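# Breakdown of the fold
Listed below are the residues making up each chain.
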Amino acid sequence: MTRDTRAATAPERRPVPPGQAENALKIAVVGGFGVGKTTMVRSVSEIRPLHTEEVMSRAGRTMEDTSRVATKNATTVAFDFGRITIDDRSILYLFGAPGQERFWFLWERLLAGTIGAVVLVDTRRLTDAWYALDRLEHHGMPYIVAVNDFGGPLHSDEHIRQALALTGDVPLVEFDARDHSSSKFVLIALVEHLHALSLHQKG
């Protein structure tokens with residue numbers, strides 16, 4: 001598992017004006033309930049992100065296991081949307097998927113046209129990532145796995161890979177969804193992974 005600090009020192013790029021980007025790429029941020037998808041989109045987006053968070057009702061809490069996220073009082077009911085400039089020609093559109101099981105039906109449409117995905121993982125609830133991994137495998141969509149820092153427990157790369165049945169070619173990184181540079185590093189890791197896959201297919 002790797003963490004890179006280069007993104008923290010790299011100069012910020014000026015946003016590409018709407019309609020002037022040659023490459024507009026759609027990326028999904030997926031994972032279980034309360035793993036930090038909305039937080040990541042908010043922290044990295046260069047525009048004010050669109051989000052559909054609603055305060056969790058008492059009934060909603062009974063439908064989800066909130067024991068590991070007791071302080072969570074809002075939840076995404078549709079999707080989160082943000083944007084980030086990669087270079088002078090390319091921008092990424094970020095779509096954060098809702099993690100609750102009752103909103104999983106929205107995933108199929110959200111994944112349409114997506115070139116790749118980031119699967120967020122909380123090491124306290126590794127099994128919550130299984131549905132996201134299953135959907136991405138079903139769609140044949142490339143992805144990386146990003147372990148969000150919730151302060152433990154610590155697990156080795158090998159343990160996480162075994163728990164999630166990850167193959168060796170799937171990048172595994174750690175980050176802090178609250179931090180702009182850290183979240184940006186995750187997106188760079190995904191873009192680099194997609195580029196490597198493209199080169200491999202051409203070769």
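Our subject is the structure listed above.
These figures come from a predicted structure and were not determined experimentally.

Each helix and strand counted, the protein has seven helices and eight strands in total. About 10800 Å² of surface is accessible on the protein, with carbon and sulfur atoms providing 53% of the total.

What follows concerns the pairing of strand β6 (residues 116-121). With six of its six residues buried, β6 lies for the most part within the structure. Residue alternation in β6 divides its side chains into two sets, Gly116, Val118 and Leu120 and Ala117, Val119 and Val121, and both sets are buried. As defined by bridge partners, strand β1 (residues 23-31) adjoins β6 across five bridges and the pair is classed as parallel. Bridge pairing in β6 places Val29 opposite Val118. Crossover connection from β6 via helix α5 (residues 130-139) to parallel strand β7 (residues 143-148): handedness right-handed.

Now for the nonpolar core. The nonpolar side chains of soluble globular proteins are, as a tendency, buried together. Formed by 25 residues in total, the largest nonpolar core has its most connected members in Val30, Val119, Leu133, Leu136, Tyr143, Val145 and Leu164. Only β1, α4 (107-111), β6, α5, β7 and α6 (157-164) provide two or more residues apiece to this core. Ignoring sequence-local partners within four residues, the contact set of Val119 consists of Val30, Ala129, Ala132, Leu133, Leu136, Tyr143, Ile144, Val145 and Ala146. Core analysis: the next-biggest nonpolar cluster, separate from the first, contains 22 residues, Val41, Ala177, Ala189 and Leu190 among them.

Another point: the sheet that holds strand β4 (residues 80-85). Taken in spatial order, the six strands make up an open sheet running β4-β5-β1-β6-β7-β8, and their pairing is mixed. Looking at which strands have only one partner, the edges of the open sheet turn out to be β4 and β8 (172-175). Mean inter-strand twist for the sheet, computed between neighbouring axes without regard to direction, equals 25 degrees. Bridging between β6 and β7 involves five bridges; their strand directions are parallel. Among the inter-strand pairings, Leu120 is bridged to a residue of β7, identified as Ala146. Seen against the sheet, α6 touches β6, β7 and β8 and runs at an angle of roughly 115 degrees to β8.

Okay, the packing of aromatic side chains next. Applying the stated rule across the entire model yields three aromatic pairs. For the pair Trp107 and Tyr131, a centre-to-centre distance of 5.1 Å together with 65 degrees between the ring planes defines the contact as edge-to-face. Of this pair, Trp107 sits in helix α4 while Tyr131 sits in helix α5, and the two are 24 residues apart along the sequence. Taken together, the ring pairs connect Phe81, Tyr93 and Phe95 into an aromatic cluster.

On to the packing of helix α2 (residues 37-44) against helix α7 (residues 180-202). Contact pair α2 / α7: the axes reach a minimum separation of 8 Å and the direction vectors enclose 100 degrees. Judged by the angle between their axes, α2 and α7 are roughly perpendicular. Here Met40, Ser43 and Val44 of α2 come into contact with α7, specifically with His180, Ser183, Lys184, Val186 and Leu187. Considered class by class, the residues forming the contact of α2 with α7 number four nonpolar, three polar and one charged.

In this model, α7 (23 residues) spans 33 Å end to end at C-alpha, consistent with the 33 Å of a helix rising 1.5 Å per residue. Restricting attention to buried positions, one finds in α7 the residues Ser181, Ser182, Ser183, Lys184, Phe185, Val186, Leu187, Ala189, Leu190, His193 and Leu194. The backbone nitrogen of Ser181 lies 3.3 Å from a side-chain oxygen of the residue at the head of α7, namely Asp179.

Let's shift gears to unusual backbone geometry. If you check the backbone angles, Ala165 has positive phi at about 55 degrees while not being a glycine. Within the fold, Ala165 resides in the loop between α6 and β8. On the basis of relative accessibility, which here comes to 64%, the residue Ala165 falls in the exposed class.

In this fold, Asp122 is placed in the loop between β6 and α5. Judged by its relative accessible area of 1%, Asp122 falls in the buried class. Reaching out from Asp122, the side chain makes a polar contact with the side chain of Arg124 at a distance of 2.7 Å.

Criteria and cut-off values
- Residues numbered from 1 in each chain as written.
- Predicted model: local features only at pLDDT ≥ 70, side-chain atom pairs only at ≥ 80, totals over all residues.
- Heavy atoms only, no water.
- Helix = DSSP H or I, 4+ residues; strand = E, 2+ residues; numbered from the N terminus.
- Areas by Shrake-Rupley, 256 points an atom, 1.4 Å probe, with all protein chains shown as cover.
- Buried < 20%, exposed > 50% of the residue type's maximum accessible area, 1.4 Å probe, protein only.
- Pairing = 2+ DSSP bridges.
- Right-handed = clockwise from strand over helix to strand, strands pointing away.
- Core = buried A, V, L, I, M, F, W, Y, C linked by side-chain atoms within 4.5 Å.
- Contact = heavy atoms within 4.5 Å.
- Axes fitted to C-alpha atoms, helices over the stretch in contact; angles between N-to-C directions.
- Phe/Tyr/Trp six-rings, centres within 6.5 Å; stacked < 30°, edge-to-face > 60°.
- Parallel < 35°, antiparallel > 145°, perpendicular 65-115°, else oblique.
- Nonpolar A, V, L, I, M, F, W, Y, C, P; charged D, E, K, R; others polar.
- Expected span 1.5 Å × (residues − 1).
- Polar contact = N/O pair within 3.5 Å; in protein donor to acceptor, adjacent residues only side chain to side chain.

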